[in-house]
Amino acid sequence: MRTNERKGGKRGAVVAMLAAGTILGGLAMPAGAQQEGRRRRGAAQEAKAVELAPDQVAQLTKIANERKLNVDDLLAAAKTYTPSGRHDEYVLFSSGGQSGQVFAIGVPSMRLLRSIAVFTPESWQGYGFAGKDDPVIERLKFKGTLNAWGDTHHPALSETKGDYDGQFLFIGDKANARVAVIDLRDWETKQIVKNPLTISDHGASFVTPNTDYIIEGGQYGTVLGYGYALPEDYQKSYRGMVTMWKFDREKGRIDEANSFALELPPYWQDLADAGKLASDGYFFVNSFNTELATGGIEKGNPPFEAGVSKRDMDYLHIVDWKKAEEMFKAGKATKINGFPVIGLETSITEGLLYFAPEPKSPHGVDVTPDGKFMVVAGKLDPHVTVYSIDKVKKAIAEKKYSGKDTYGVPILDFDAVMEAQVELGLGPLHTQFDNKGYAYTSLFLDSAVARWSLGGDFAKLHSEQPWKLVTKTPVQYNIGHLSAAEGDTVSPDGNYLIAMNKWSVDRFLCTGPLLPQNFQLVDIAAPGTAMPVLYDMPVGVGEPHYCQMIKADKLKSWPVYPEVGWNSHTQSLDPRAPKKGEEGVTRDGNKVLVKSIAIRSHFSPEHVEVNEGDIVTWRIVAAETTQDATHGFCIGAYNINLSLEPGEFEEVTFVADKPGTYPFYCTEFCSALHLEMMGYLHVKPKADSVSDARR
Amino acid sequence: MCRVLEAIVGPRIPVEELRAHRLRYATPTVLFMVARVLLLVSIFLPYWHMELEAPQYPKGLFLTAYVNHLTGDVREIDGLNHYIGMRSLGEAAAFERAAGVWMVVAMFLLVEGAAFVHSKWAVLLALPAIAFPIVFVADLYFWMRTFGLNLDPGAPLSASVKPFVPTVIGEGGIGQFKTYAEMGTGFWLAVGCAVLTIAGFVFHRRAYKPLMERARGALQEAAA
Ligand SMILES: [Cu+2]
């Protein structure tokens, strides 16, 4: 009996434990996990190990011969071909040049993923086609008039500790000295700031290692604050500048009120780069036209192209931005056109600005991943010149100057700050880095990419002599920028490099006299002399300048907007977004408010009646939550088109000044009944013209 | 009155009898307890799943029913259903979903009560819990049938889709969609609850039938 009792007790305990386990297990199991666990179908196909059978080899050989492909071509195809449904490893964010856009391209497939409208109205994205108070149009205006294009140059991904964090993308507009902020959750431009000092720029944009500031370097000397002066007054009245835009990561916006600029001599400042790690707290800007040439070919003076290239040396600008920030915060800036500018004199007396001589009209200045060296490419000099930040700091401390420039800025002694000069070839422009201790420099005139070995701590990573040219790969043709995978961060990946060629000449079918640019994918995975070109991608929309390549898994893009009624301008739920049941038309005097919902496959309401001259505000929400179920909304003849991505809310205001009956429709092929997704806007003519219209 | 109650509740177990045959009396109680726990846990687990598969939904669409709510791609499925004139899922089984948790709690308490009732009447108390899984499936079928057969004739695709009964368990299909439906963990726990309750009664009868008979005998003796 006793044993029985004990057994019973034990069993009871076991049952109780089981029950408790079930309860805990049941509670802990989230519904989502349950759902995931249910998935049986639709998963991407697993790659199988390839083993070519003799008949397959024969087939492959036959195709290769028919298509005139050699073995290297087959290997290149194998390295880049990305089967349907397979995703790229990297995303390239490229400037779109005069298109005013940004392009996102998958690497290694080199497929265009999409464009992002930035400085130019773009109808597919409904960017700038939302009627008369469109916030996009408002932000594109300069002094009250629409500036409907931009010349995007240098994209800069936001960084944390000097590494891409995938949150934001900034890009500069050379033509109008503007900087845009793109939110990489929905890939939309959120803000454009216009530089209050200068009309055009070049050195935008570059970020400090934690994206505290976005650097916008200028270019052509002007009278700061959009002033006026003739070339006779160039030295006295013209100035250069560099602007530090404060970035508020929380808000995802540039904080203009906490931004400032530094006045610079009227040399033509060129590209910039922020220091990192060893050089954190500094940034570097190249310059040319230290000749202060003012051109005037029409008066028999040497043209700019000659006057600007006369001297053997120009000046690398070395700016202590952390100290400059202190000066700004201490109120040492004066206002020009309402914008705080630290004057040249302050910069000189407070030691914010130093020059280092650099060979002949350089273009890029690029900081090595460890932050210890700055590489300046000579453009008109066959070398890259490498400067050491340690030597720069030492020379500043020991006041090793070789003189002062016209404006009193101390010039550091070249030999005291220079670490190495590496002869690469003709027309070196820009430099990127990999994870094997190599640097890559574009050679414009040679039309080649040069791989060369770094010194310092990098020498441990490769088996070459430090600071030596290793190999050159010809590219087609006239390479400008180049971009290696995360190649301007503290931890480059190597693997791939993009040669951004300005000319394509014979690479593609002739597309009339205007040819596409040529993005070439270069395989930089193997060390030494092997560095083959894998793929040519024609870019037939604008002339791109710089691009950056980020690991795709760093991007945390939204598949749809977080909630239905989302305002993408404010990145928040908009209380004005019409909810189900609120659809309809209301009138207040001559103001008409339309509350509309778009859902597959109809708009509600479908008939909207207004009077000629009414001011119509149309609030419309895409009540969709499914990926890719995007709608459009256009009213023909009223220059209105919206892209209503799942969940998105938009507001359009226009004056109904053209009487008639206007079909409006969904411009995205959203569903099988997409053509039926339409309605009519009836603009009733003013009283006396009714009978005319009937006739 | 007291007699009627006594007849329903059944005889109590004498202390010495309980001491002598603890296992005999504990078994039904423990089985009922586990059954109750399973039923309670099932509230938190899905009772039914449906997966819809179509070319343009590579990840599939999912519908998951709990005793008191519906989760998954309800919004999208409603959106698609409007083309064929099916009412939105939120309108289905509104009463059942509102009352679901309370009904389960009631069944839980009734089974608990059954453990204390030592007469045949205990079966009556546990009957809802035993019948619950069958009732659930029947109700699901009822709603699927009601919804499928009563399509709005004014819907965009009503000309091309005839009324139909969606599949409750197994494979079905409508338009370009294939559907796969099956019962979920919560449902199987409810089934487990029913099975354990039935098993509990086998032991219940074995333990209390002799007691009942003895008590009846004593009563007859007293009457005589
Ligand atoms: Cu649509």
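Residues numbered from 1 in each chain as written. Chains lettered and ligands numbered in written order. Predicted model: local features only at pLDDT ≥ 70, side-chain atom pairs only at ≥ 80, totals over all residues. Heavy atoms only, no water.

A. How the structure looks around the environment of Ser572(A). Residues and elements named next belong to chain A. Looking at where serine 572 falls in the secondary structure, it is placed in strand β36 (residues 572-573). As for serine 572 and glycine 217, which are separated by 355 residues in sequence, their C-alpha atoms are 33 Å apart. Side chain to side chain, serine 572 and threonine 570 meet in a polar contact 2.9 Å long. (Helix = DSSP H or I, 4+ residues; strand = E, 2+ residues; numbered from the N terminus. Polar contact = N/O pair within 3.5 Å; in protein donor to acceptor, adjacent residues only side chain to side chain.)

B. Main features of the sheet that holds strand β8 (residues 178-183) of chain A. Residues and elements named next belong to chain A. If you trace the four strands from one edge of the open sheet to the other, you get β6-β7-β8-β9, paired in antiparallel fashion. Only two strands of the sheet have a single partner each, and these edge strands are β6 (152-160) and β9 (188-194). Averaged over neighbouring strand pairs, the angle between their axes works out to 25° when direction is ignored. As judged from the six bridges shared by β8 and β9, these two strands associate in the antiparallel manner. When the sheet's bridge partners are listed, aspartate 183 is paired in β9 with glutamate 188. (Pairing = 2+ DSSP bridges. Axes fitted to C-alpha atoms, helices over the stretch in contact; angles between N-to-C directions.)

C. How the structure looks around the nonpolar core. Counting 46 residues, the largest nonpolar core has Trp48(B) and Phe132(B) as its most contacted members. Mapped by element, the contributors of at least two residues to this core are α3 (22-42), β1 (48-54), β2 (57-65), α4 (74-84), α5 (94-116), α6 (121-149), β5 (177-183) and α7 (185-223) of chain B. Each residue touching Phe132(B), except ones within four places of it in the same chain, is listed here: Leu39(B), Tyr47(B), Val67(B), Val104(B), Met107(B) and Ala190(B). Residues Val285(A), Trp321(A), Met327(A) and Ala333(A) belong to the second largest nonpolar core, which totals 38 residues. (Core = buried A, V, L, I, M, F, W, Y, C linked by side-chain atoms within 4.5 Å. Buried < 20%, exposed > 50% of the residue type's maximum accessible area, 1.4 Å probe, protein only. Contact = heavy atoms within 4.5 Å.)

D. Up close: empty space enclosed by the protein. Residue and element names in this part refer to chain A. Scanning the entire structure with this criterion turns up four cavities of 30 Å³ or more. Within this model, the largest cavity holds a volume of roughly 230 Å³. Forming the boundary of the largest cavity are 23 residues, of which Phe206, Asp273, Asp488, Tyr546 and Gln548 lie nearest the centre. Looking at the lining of the largest cavity, the elements with two or more residues in it are β6, β10 (201-207), β14 (268-274), β20 (365-367), β26 (428-433) and β30 (479-485). Top element by residues in the lining of the largest cavity is β14. It accounts for four residues. Grouping the amino acids of the lining of the largest cavity by side-chain chemistry returns 11 nonpolar, seven polar and five charged. Along its surface, the second largest cavity is lined by 18 residues, and Gln125, Tyr127, Val136, Glu188 and His569 are the ones closest to its centre. At the level of elements, β3 (111-117), α5 (135-140) and β9 are the ones that each hand at least two residues to the lining of the second largest cavity. It is α5 that contributes the most residues to the lining of the second largest cavity, three residues altogether. Within the lining of the second largest cavity, the residues separate by chemical class into seven nonpolar, six polar and five charged. (1 Å grid on protein atoms, 1.4 Å probe; cavity = no way out; pocket = protein on both sides within 12 Å on 5 of 7 lines; lining within 4 Å. Points joined across faces, edges and corners; volume = space filled by probe spheres on them. Nonpolar A, V, L, I, M, F, W, Y, C, P; charged D, E, K, R; others polar.)

E. Spatial organisation of the coordination of the copper ion. Residue and element names in this part refer to chain A. For the copper ion, the protein coordination sphere consists of His631 (ND1), Cys666 (SG), Cys670 (SG) and Met677 (SD), at 2.1 to 2.6 Å. Geometry at the copper ion is tetrahedral, judged from the four donor atoms that bind it and their angles of 92 to 126° at the metal. For the copper ion, the single-chain donor residues occur in sequence as H-x34-C-x3-C-x6-M. Here the residue histidine 631 occupies a position in strand β42 (residues 631-635), and cysteine 666 occupies one in the loop between β45 (660-665) and β46 (678-684), the gap between them amounting to 35 residues. Cysteine 666 gets classed as buried once you look at its relative accessible area, which sits at 0%. (Donors = N, O, S within 2.8 Å, 3.2 Å for Na, K, Ca; no water. Tetrahedral: all angles 85-135°; square planar, octahedral: opposite > 155°, others 65-115°.)

F. Quick look at the sheet that holds strand β13 (residues 253-264) of chain A. Residue and element names in this part refer to chain A. The mixed open sheet is built from six strands, whose spatial order is β10-β11-β12-β13-β18-β17. Two strands bound the open sheet, and with one partner strand each, they are β10 and β17 (334-336). Neighbour-to-neighbour, the strand axes of the sheet open up by a mean angle of 30°, direction not taken into account. Summarising the sheet, β13 and strand β18 (residues 339-342) pair through two bridges and their orientation is parallel. Across the sheet, alanine 261 pairs through a bridge with valine 341, a residue of β18. Against the sheet, helix α8 (residues 321-329) makes contact with β11 (213-218), β12 (240-248), β13 and β18, and its axis sits at roughly 105° relative to β13, the strand it touches most.

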